[in-house]
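Residue-level structure breakdown
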Amino acid sequence: MIPIRDDNPQVSVPWATYGLISCNAAAWIFLQGAGFGESFEPSICEYGLIPANILGDVGSVGKGTCEGFTDYGLLNVLTSMFMHGGWMHILGNMLFLWIFGGNVEDAMGPVRFVIFYILCGVAAAAAQVLSGPSSSIPMVGASGAIGGVMGGYLMIYPRVKVHILVPIFIIFWTFRVPAWAMLGYWIGLQLFEGMISLNSTGGGVAFWAHVGGFVAGALAVFVLKDDELLFDHPYHGWTDSEDPASIWDDPNNRQN
Amino acid sequence: MNIRPMDQSDIDDVVGVIDSHDEDDAEDARSDFGESGTETHWVAEVNGAVIGISGYRQVPETHGSGWISWTYVREDYCGKGIGKKLFQHTIEHAIEAGAQKLFIKVSNYVDDDGKSIYQNATKMYESFGFECEVTSKDFYDEGEDQHIYAKNLFPNLGTEEDKENEKPVVRFIDVYEIAETNGAYSFRWEVIKKSFFQKRSFTIDDLHVGLNAVKERGGRIVFLTFLSNLPLIHSPLASAGFKLVGQLTDYYEPGVHELHFVHRLEGL
């Protein structure tokens with residue numbers, strides 16, 4: 001299930017979204033060698049987030065495969081958000097950020113959006129660390145922060161139609177579903193897989209980071225959204241937004 | 001009779017013509033000509049004497065809206081069609097100069113003898129196709145309304161809809177008594193730069209500060225006008241008790257009107 005676009009008009013140029021995508025791309029190319037070469041693995045260990053490191057548990061479990069690499073402490077929470085584990089990882093993340101980020105940014109402006117994004121990333125990291133505090137597997141990826149963007153999107157634009165691409169062998173199906181269905185399905189899946197992964201010790205997708213980011217985004221958006229900007233979005237909220245000038249249609253609001 | 005463009009040397013004569021009807025208007029006209037000049041104004045002459053005046057002023061921030069200004073004929077020449085000719089001349093020049101729509105303010109004042117002194121003028125405007133768009137009740141004084149008549153000079157062009165909305169950060173800075181009125185006030189406002197968590201719209205509290213300031217100064221009523229493409233103004237204005245008076249359609253540009261609001265200071 002791949003979202004390809006949404007029926008939500010972009011009102012302002014989403015500079016922060018462009019900036020974040022550029023930062024991710026730059027980190028991928030310049031710090032991670034685009035997934036090739038010698039810098040790739042060290043980049044994951046150095047800039048990734050190792051839960052055991054954060055909670056000071058490293059003494060008992062060791063750094064595992066990342067033994068001997070520099071540790072930036074809490075700064076790793078931030079740096080891990082811009083690292084990725086492979087081409088599909090970064091392309092998938094950037095696709096979601098591209099589709100959902102712009103409209104969330106429309107609802108709060110670029111400065112607030114960057115704060116929102118980082119906040120969601122931090123919450124995502126916290127959720128993942130708490131779900132496996134003794135893990136020595138480095139966590140990388142923008143998914144947690146982007147999970148937050150999706151949580152925010154769901155709260156603001158639940159009714160907007162999202163175009164979904166479903167590849168079945170060589171046939172590509174596209175259809176439109178409301179954002180609440182697509183994002184509801186997505187978070188349900190993360191929760192389900194997160195539950196399953198609780199007992200596993202291996203690496204893989206950081207489902208709890210997705211859940212943590214999503215919940216943080218769904219909550220933080222209420223603080224950071226700017227209702228005055230949302231007037232430009234005809235499809236925001238669960239009900240049709242009224243023309244603000246229709247308040248004067250009431251005879252009580254007119255000069256007698 | 002000869003109609004020619006007015007110049008600075010005509011100001012005294014023109015003020016004299018207006019003064020024969022309305023002393024207050026004569027004073028206002030003198031200061032207006034002093035401040036804004038005599039361009040787009042014309043005088044009617046008979047044997048070298050100025051006996052009538054008409055003209056208009058284009059509103060700079062609009063797409064061709066203009067206000068008809070002082071239109072008077074010396075009392076002893078009234079009823080001879082001179083006012084109509086002057087008025088016709090003004091409209092023709094406004095069309096040539098690219099004006100799209102002309103507006104004129106007129107009072108419904110009735111003097112002590114029960115005579116509606118602007119009735120003839122109003123009839124003349126109507127005969128030229130002007131129609132009343134906004135009536136602000138008790139504008140000049142209790143019982144004296146202001147009618148704003150308008151004529152679309154290019155009625156076939158139609159209006160565009162769905163103009164893009166704007167959200168300037170509007171803040172009120174002062175209140176002032178509207179010229180020629182008794183106790184009707186308005187707010188001065190400015191557009192400022194938005195700070196981080198600041199709201200763009202003014203709030204009900206902001207409006208109450210202004211309304212209370214008017215009340216303290218002994219004001220009777222408050223009139224505000226805003227562009228129609230500012231979606232953030234409606235909720236605070238209605239919540240603070242303002243009523244919609246009406247709109248001057250396409251005043252700023254096709255599809256962007258001037259909305260008129262009133263507050264009678266009751267319940268403050």
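Just so you know, these numbers come straight off a predicted model, no measurement behind them.

Time to look at the overall build of chain B. For chain B, the count of helices and strands is six helices and 13 strands. Scaling as 2.2 N^0.38, a compact globule of 268 residues should have a C-alpha radius of gyration of about 18 Å, and chain B matches this with 20 Å. In terms of overall dimensions, chain B has C-alpha extents of about 70 × 45 × 30 Å along its principal axes. Residue pairs in contact within chain B that sit at least 24 positions apart in sequence constitute 62% of those at least 6 positions apart.

Residue and element names in this part refer to chain B. Within helix α1 (residues 11-19), the full set of buried residues consists of Val14, Val15, Val17 and Ile18. Along the axis of α1, the buried positions cluster into a sector of 155°, meaning they face one direction only. Summarising the contacts, the buried residues of α1 are in contact with α2 (23-36), β2 (41-46), β3 (49-58) and β5 (72-73).

With that settled, consider the interface of chain A and chain B. Between chain A and chain B, the residue contacts involve 11 residues of the former and 16 residues of the latter. Its residues assigned to classes, the side of chain A that touches chain B comprises six nonpolar, two polar and three charged.

So, on to the domain arrangement of chain B. Residue and element names in this part refer to chain B. The domain architecture assigned to chain B consists of domain 1 (2-157) and domain 2 (169-263). Taken together, the contact pairs 17 residues of domain 1 with 18 residues of domain 2. Sorting the residues of the side of domain 1 that touches domain 2 by element identifies α2, β6 (101-107), β7 (131-141) and β8 (144-152) as the ones contributing at least two each. The leading source of residues in the side of domain 1 that touches domain 2 is β7, at eight residues. Partitioned by chemical class, the residues of the side of domain 1 that touches domain 2 number six nonpolar, five polar and six charged.

Our next topic: the nonpolar core. If you look at the biggest cluster of nonpolar residues, it comprises 61 residues, and the most contacted ones within it are Cys120, Val149, Met150 and Tyr153 of chain A. Listing elements by their share of this core, those giving two or more residues are α1 (15-31), α2 (40-47), α6 (87-106), α7 (110-131), α8 (143-156), α9 (179-197) and α10 (207-224) of chain A. If you tally residues by element for this core, the top one is α7 of chain A, at 10 residues. Residues contacting Met150 of chain A, with those up to four places away along its chain left out, are Phe96, Phe100, Leu183, Trp186, Phe214 and Gly217 of chain A. Of all hydrophobic cores here, the second largest spans 59 residues; its members include Phe139, Ala184, Val222 and Ala238 of chain B.

This part takes up the environment of Ser131 of chain A. Residues and elements named next belong to chain A. Considering the arrangement of structural elements, one finds Ser131 in helix α7. Among the residues examined, Ser131 registers 18 C-beta atoms within 10 Å and is labelled partly exposed. For the pair formed by Ser131 and Asp227, sequence separation is 96 residues and the distance between their alpha carbons is 35 Å.

Turning our attention to the packing of α1 of chain B against α2 of chain B. All names here are of chain B. At a minimum axis distance of 8 Å, the contact between α1 and α2 shows a crossing angle of 155°. As far as their axial angle goes, α2 and α1 are roughly antiparallel. Read as a crossing pair, α1 and α2 show a hand that is right-handed. Residues Ile11, Val14, Val15, Ile18 and Asp19 of α1 pack against Glu23, Asp25, Ala26, Ala29, Arg30 and Phe33 of α2. The residue makeup of the contact of α1 with α2, split by class, is seven nonpolar, no polar and four charged.

This next bit is on the pairing of strand β13 (residues 256-263) of chain B. Residues and elements named next belong to chain B. Of all eight residues in β13, eight are buried, a share of seventy percent or more. Across the two faces of β13 the burial is the same, with Val256, Glu258, His260 and Val262 and His257, Leu259, Phe261 and His263 all buried. In the sheet, strand β11 (residues 221-227) pairs with β13 via six bridges, with the strands oriented antiparallel. Across the sheet, the residue bridging to Leu224 is Phe261, located in β13. Sheet topology note: the strand β12 (residues 243-253)/β13 ladder contains six bridges and is antiparallel. If you follow Glu253 over to β13, its bridge partner there is Val256.

All names here are of chain B. Notably, Thr40 is not glycine yet its phi reads approximately 55°, a positive angle. Tracing the backbone shows Thr40 in the loop between α2 and β2. C-beta crowding within 10 Å serves as the criterion here: with 20 such atoms nearby, Thr40 is assigned to the buried category. Here the phi dihedral of Asp250 falls at roughly 60°; this positive angle occurs in a residue that is not glycine.

Here we take up the sheet that holds β12 of chain B. Residues and elements named next belong to chain B. Spatially, the five strands line up as an open sheet ordered β9-β10-β11-β13-β12, and their pairing is mixed. The sheet is open, and its two borders are formed by β9 (169-177) and β12, each paired with just one other strand. This sheet shows a mean twist of 25° between the axes of neighbouring strands, independent of strand direction. Of the strand pairs in this sheet, strand β10 (residues 184-192) and β11 are connected by two bridges, and their pairing is parallel.

Turning next to the sheet that holds strand β3 (residues 171-178) of chain A. Residues and elements named next belong to chain A. On the basis of which strands lie adjacent, the open sheet formed by three strands has the order β1-β2-β3 and antiparallel pairing. Each of the sheet's edge strands pairs with one partner strand only, and the pair in question is β1 (2-6) and β3. Averaged over all neighbouring strand pairs, the angle between strand axes comes to 30°, with direction disregarded. With eight bridges connecting them, strand β2 (residues 161-168) and β3 associate as antiparallel partners. Within the sheet, the bridge partner assigned to Lys161 lies in β3 and is Pro178.

Definitions and cut-offs
Residues numbered from 1 in each chain as written. Chains lettered and ligands numbered in written order. Predicted model: local features only at pLDDT ≥ 70, side-chain atom pairs only at ≥ 80, totals over all residues. Helix = DSSP H or I, 4+ residues; strand = E, 2+ residues; numbered from the N terminus. Rg over C-alpha atoms; globule rule 2.2 N^0.38 Å. Contact = placed C-beta atoms within 7 Å. Buried ≥ 20, exposed ≤ 12 C-beta atoms within 10 Å, placed from the backbone. Arc of directions from axis to C-beta. Nonpolar A, V, L, I, M, F, W, Y, C, P; charged D, E, K, R; others polar. Domains from an automatic or database assignment. Core = buried A, V, L, I, M, F, W, Y, C linked by C-beta atoms within 7 Å. Axes fitted to C-alpha atoms, helices over the stretch in contact; angles between N-to-C directions. Parallel < 35°, antiparallel > 145°, perpendicular 65-115°, else oblique. Left-handed = near helix turned anticlockwise from the far one by under 90°. Pairing = 2+ DSSP bridges.

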